[in-house]
Amino acid sequence: MWMLRSARSRGPLGALVTAGAGGLPPGLRGFVQRLPATGMKEEPVLRSGPGSPPPGTGVMKSVRQIIMSCKTELAALQKSEPRFHPGLAIVQITDDDMLEVKKMAEEVGLHVVHICLPEGTATEELLDEIMKLNEDPKIQGLVLPRSPVMSNEAINAVIPEKDVDGITDVNLGRLVRGNFDECFVPPTASAVIELLEQADLCTLGRKVLIIGDNSSQETALQKLLQMEGMTVVSCQWQNRNIKELLNKNDVIVVTSPAPEGLEEDWINADKTIIACNLSDLSSSFKCQAFQQDEPRSPHDGIGLLTAAMQIKNTVESSTRWLKQQQHRKWNLRPLKLQLMSPVPSDIEISRAQTPKTIDVLAKEIGLHPSEVEAYGSKKAKVKLSVLDRLKEQPNGKYALVAGITPTPFGEGKSAVTIGLVQALAAHLGVNSFACVRQPSQGPTFGVKGGAAGGGYAQVIPMEEFNLHLTGDIHAITAANNLLAAAIDARILHEGTQSDKALYNRLVPVINGERNFSPIQLARLSRLGIQKKTPDTLTPEEVSKFARLDIDPSTITWQRVVDTNDRFLRKMTIGLSNTEKGFIRETQFDITVASEIMAILALTNSMADMKARLSRIVVANDRKGQPVTAEDVGVSGALAVLMKDAIKPTLMQTLEGTPVFVHAGPFANIAHGSSSILADKLALKLVGKDGFVVTEAGFGSDIGMEKFFNIKCRASGLKPGVVVLVATIRALKMHGGGPSVSTGKPLSKEYTEENLKLVAEGCSNLQKHIQIAGLFGIPVVVALNVFKTDTEAEIDLACQTAKSFGAYDAVPCQNWAMGGKGALKLAEAVRRAADQKSNFRYLYDLKMPIVEKIRTIAQKVYGADDIQLSAEAQSKLDLYVSQGFGELPICMAKTHLSLSHQPERKGAPSGFTLPIRDVRASIGAGFIYPLVGTMSTMPGLPTRPCFFDIDLDSDTEQIRGLF
């Protein structure tokens, strides 16, 4: 007989007892010697009586072959991916012996995580362990215990990709459907089939009876036996016809305990019995199966075969996982558009489309379920672990959408960005991602209204895109204001306490011990104090450590709120008696103007974000040295508040193509682009032949210049093509047309053909093409077509753009037609991206700050020179003395002109650019000179957009958003 071991029980199994034709001799009495403690280094010895197979054959030979095959396959995987080291997690609660599974896994080369939970472990605790292992990318297989806590909930908590026991409902469903490429055959079922094949019993027409409790194991076995052409019947021990069934079938497989007192003469001598557990047979069966003096080890025979099948499934899981990491063309299902004319409002278009659920979209683009955190059914956060999983995959092609100097209405860069991606992904079948900024609540309820693109080229659902989204802006508001509160609180406490009292409160005695926190130890190190025990500091060191000595007049950190509120532009704080006379003037900024927003957009990782947050300079001390967020002791808390905001948000376009929405920095005082992390994730997901299209704020003189000189320096990414958005309306304005302002109808010059204005206005287009040329990137002009534009005007603008050096210039009708209206643009962008580019930065970071400013003013804006105010020069000298002289420059100027004067249109020249002030965002990593007056807190107009915004109390539908 052979000792068997079940995949579910991990305990000793029964015997394969055969007699008669095609079976093993009824007198076979043998057992498999237990493996040596060192693992399966040697061929196990089969000891048997007369008529037994020779040593080295049968079960143990199969086990050995499986292990050696797994070892070879895993070695080949690791040769192709040297950093790949897959793991098997074994969860154990009872005393079930898991030693052989562990030894086999280690011999094959798997990393083993053995988790031993105590008796009495609750289902909830087991679920917690399963969830952790599901999310661990280093674990490719998960073996669960047989225990009362193994409820269906616990079993089905295992993700199918790691279910190497093959016991989840999803896995079983795939097996029953015959989808063997995506399922795992339960190891016990595989072991039974292997035994039958060795005994030459897997033959067409042979009858098999399965006696058990209708478990998933039985269902899988029944399916496999039927595929072998065998006739399979299953029943329970309580079946009153069981004696007849036992005698009618050739092979009997027992999967549940037999009742006591079952008469042994019920079974004829020529039957083959496979028991999946010794306790599954009655005592009479055991006597028939064994000689009582036979040594029986729970580690022998089919137990090892079952364990080997678990290892085989784990290696197969590893192979599948590694294959999934390789780039492949997306299985993207585009959504169809129902185009209407005239084009309805943006929100009507958005509501008319039924988006895919976010888990479906995530799967289509190659994201794993464990990498996606759903926020409802239409949006989700994507974990940064994707970058580690895909680190060896080549990046896709990188396209930047910029624009000419816009009218106050904007020229549709976002709509072109979305339309281009819809054309590439939904119509041309190219893996393509859009990366856009998150809109601020301020403009949504203020002047501009909600926006997510426009017409048939927008992000959906529009309401969710514009309102709250996944809470990133709220997280930034909370973090920013925590730092602001900490600054004023520290000034108050330092001003009202002695050195000793202040120190004792900063480093209190807790549970009889006094210790520095890690952030305090870091401050001590920066101060040159190497002591780590609080009571050893001298009075001078105590004072140096405890007092930041902030000069209130130098505080640059403001509070923020994501609402347009002009009455917060200047305010006095500290008027309450409890603030003890610590009164100062300050202001609120809008949240998207916070340096933390810029940090979120420019960070490359969680560690990088923490470092940037710690470097934020909030003020100077009275000696002129910078005071940072880490000095205040709050940088760790800021990181905690930002831990979810750092993950990009996945949404979709109207045509079901993927979009990352992440970050929303101002394009004036910050760099005005969505996040580096979103771009990097998207570039990996699209693969080397795919496209990532992202957008820069305002015109190329502001958004694109900062994108290249600031964002690309921080990311190390190099775009291959620039899409420059222009409109006939904007060209006419730059050609001398009447003024354009929001809230007023356009003059007839903009609604009727006027080739002269278009031709004159192309000077602005020419300048922006030249600006892109400064960075060595090919330019494709996208002429965003309005219904009032004529063919002659469109042809004139496109031909002129090409004569100015654009690689191509094409009209776009994505607003009215979606991706179909941007097909010409998509083809032009693909051709341009194949051209050899020579990307370069505009200036060297080692240049003096003033020379970097001058370079931008002269080469980008067209100024003759710059003029620094005394205050600006003083700030420059201070930043250089503080060690910030080699940061890039982020110019803060109007977006309505290439110059500093909004009324100067076209391509102004012969002017001097005034620099009235210079500020620094050290955490974000740039110096920003202020050109003219720059408001960081917009105000509400006489009639804000909120007059039109309402909620239907019955349907909860939002009205009037855009």
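What you see is a predicted model, and the numbers here were worked out from it, not measured in a lab.

Chemist: I'm lost on the overall build of the chain in this one. Help?
Modeler: Assigned secondary structure in the chain consists of 34 helices and 38 strands. A total of 962 residues make up the chain; the buried ones form 57% of that total. For the chain, contacts bridging at least 24 residues in sequence account for 73% of all contacts bridging at least 6. Surface summary for the chain: the accessible area is close to 39300 Å², and the carbon and sulfur share equals 52%.

Chemist: In this structure, what is going on with the pattern of salt bridges? I would like to understand it.
Modeler: Close approach of charged atoms lets side chains of opposite charge pair. Under the counting rule described, the total for this entry stands at 38 salt bridges. Lys688 is the salt-bridge partner of Asp689, the closest N and O atoms lying 3.7 Å from each other. Residue Lys875 pairs with Asp917 through a salt bridge whose shortest N-O separation is 3.2 Å. With Lys875 in helix α34 (residues 870-881) and Asp917 in strand β35 (residues 917-921), this residue pair connects regions lying 42 residues apart in the sequence. Salt bridges sharing common partners tie together Glu373, Lys643, Asp644 and Lys647.

Chemist: Is there a simple way to explain the nonpolar core in this structure?
Modeler: A general trend in soluble globular proteins is that nonpolar side chains are found buried together. Phe433, Leu650, Phe660, Phe708, Leu765 and Leu913 are the most contacted members of the largest nonpolar core, which totals 142 residues. Per-element accounting of this core gives the leading share, 9 residues, to helix α17 (residues 472-496). When sequence neighbours within four positions are dropped, the list of residues in contact with Leu765 reads Ile404, Leu724, Ala726, Leu731, Val781, Ala797 and Ala801. Core analysis: the second largest hydrophobic core is formed by 35 residues, Ala782, Val810, Cys812 and Ala828 among them.

Chemist: Looking at this structure, I do not really get the sheet that holds strand β8 (residues 139-143). What am I missing?
Modeler: With parallel pairing, the 3 strands of this open sheet are ordered in space as β7-β6-β8. The open sheet terminates on both sides in strands that have one partner only, identified here as β7 (111-116) and β8. The average angle at which neighbouring strand axes cross in this sheet is 20°, direction not considered. Pairing between strand β6 (residues 87-92) and β8: 4 bridges, direction parallel. From the neighbouring strand, Ala89 faces β8, where its bridge partner is Leu142.

Chemist: Can you help me understand empty space enclosed by the protein in this one?
Modeler: Over the atoms a probe the size of a water molecule is rolled, and this reveals where empty space is left. Tallied over the entire structure, the rule returns 3 cavities of 30 Å³ or more. Taken as a whole, the largest cavity holds about 60 Å³ of empty space. Looking at the largest cavity, the residues that line it are Gln438, Pro439, Gln441, Phe465, Asn466, Leu467, His468, Leu469, Ile473, His474 and Asp562. Tallied by class, the residues present in the lining of the largest cavity amount to 5 nonpolar, 5 polar and 1 charged.

Chemist: Teacher, can you tell me more about the packing of aromatic side chains here?
Modeler: Under the criterion given, the structure shown has 12 aromatic pairs. Ring centres of Phe433 and Phe660 lie 4.5 Å apart, and the angle between their planes is 15°; this geometry places the pair in the stacked category. On the criterion of sequence distance, the pair formed by Phe433 in strand β16 (residues 432-436) and Phe660 in strand β28 (residues 658-661) is long-range, its members being 227 residues apart. Phe660 carries the same exposure label as Phe433, and that label is buried. Consider the rings of Tyr503 and Phe545, whose centres lie 5.9 Å apart with planes at 85°: the pair is edge-to-face. Linking Tyr503 in helix α18 (residues 499-506) with Phe545 in helix α20 (residues 539-546), this pair joins segments that are 42 residues apart in sequence.

Chemist: What is the right way to look at the confidence of the model for the chain in this model?
Modeler: Looking at the chain as a whole, the pLDDT averages 86, with 87% of positions reaching at least 70. Throughout residues 1-56 the model reports pLDDT below 50, and contacts reaching past four residues in sequence, or to other chains, amount to 176 contacts. Segment residues 278-300 is flagged for pLDDT under 50; beyond a separation of four residues in sequence, or across chains, it makes 63 contacts in the model.

Reading guide: rules and limits
The residue numbering used here restarts from 1 in each chain and proceeds along that chain's sequence as written. Two thresholds apply to this predicted model, a pLDDT of at least 70 for residue-level local features and 80 or more for giving and counting side-chain atom pairs, whereas whole-chain, interface and lining totals are computed over all residues. As a rule here, side-chain values cover all heavy atoms of the structure and leave hydrogens and water aside. Counting from the N terminus, the helices are the DSSP runs of H or I reaching at least four residues and the strands are the DSSP runs of E reaching at least two. Relative accessibility thresholds used throughout: buried, under 20% of the residue-type maximum; exposed, over 50%; partly exposed, between the two (1.4 Å probe, protein chains only). Throughout, a contact is declared for two residues whenever any of their heavy atoms are within 4.5 Å. Here the Shrake-Rupley method, with its probe set to 1.4 Å, supplies the accessible areas, and only the displayed protein chains count as covering residues. Here, a salt bridge means any Lys or Arg side-chain nitrogen found within 4 Å of an Asp or Glu carboxyl oxygen. Among buried residues, those of type Ala, Val, Leu, Ile, Met, Phe, Trp, Tyr and Cys that are joined through side-chain atoms within 4.5 Å constitute a nonpolar core. Pairing between two strands is assigned when DSSP locates at least 2 bridges connecting them. Where helices are involved, their axes are fitted lines through C-alpha atoms of the stretch in contact, as for all axes, and angles between N-to-C directions lie from 0 to 180°. Site definitions follow a grid-based scheme: protein atoms alone, a 1 Å grid, a 1.4 Å probe that fits but cannot get out for cavities, and for pockets an open set with protein on both sides within 12 Å along at least five of seven lines, plus lining residues having an atom within 4 Å of a point. Grid points are joined across faces, edges and corners, and a volume is the space filled by probe spheres set on the points. Amino acids outside the nonpolar list (Ala, Val, Leu, Ile, Met, Phe, Trp, Tyr, Cys, Pro) and the charged list (Asp, Glu, Lys, Arg) are all regarded as polar, and Gly is one of them. Two rings from Phe, Tyr or Trp (for Trp, the six-membered ring) form a pair when their centres are within 6.5 Å of each other. A pair whose planes differ by under 30 degrees is stacked, one over 60 is edge-to-face, and the rest are tilted. pLDDT measures how confident the predictor is about each residue, on a scale from 0 to 100.

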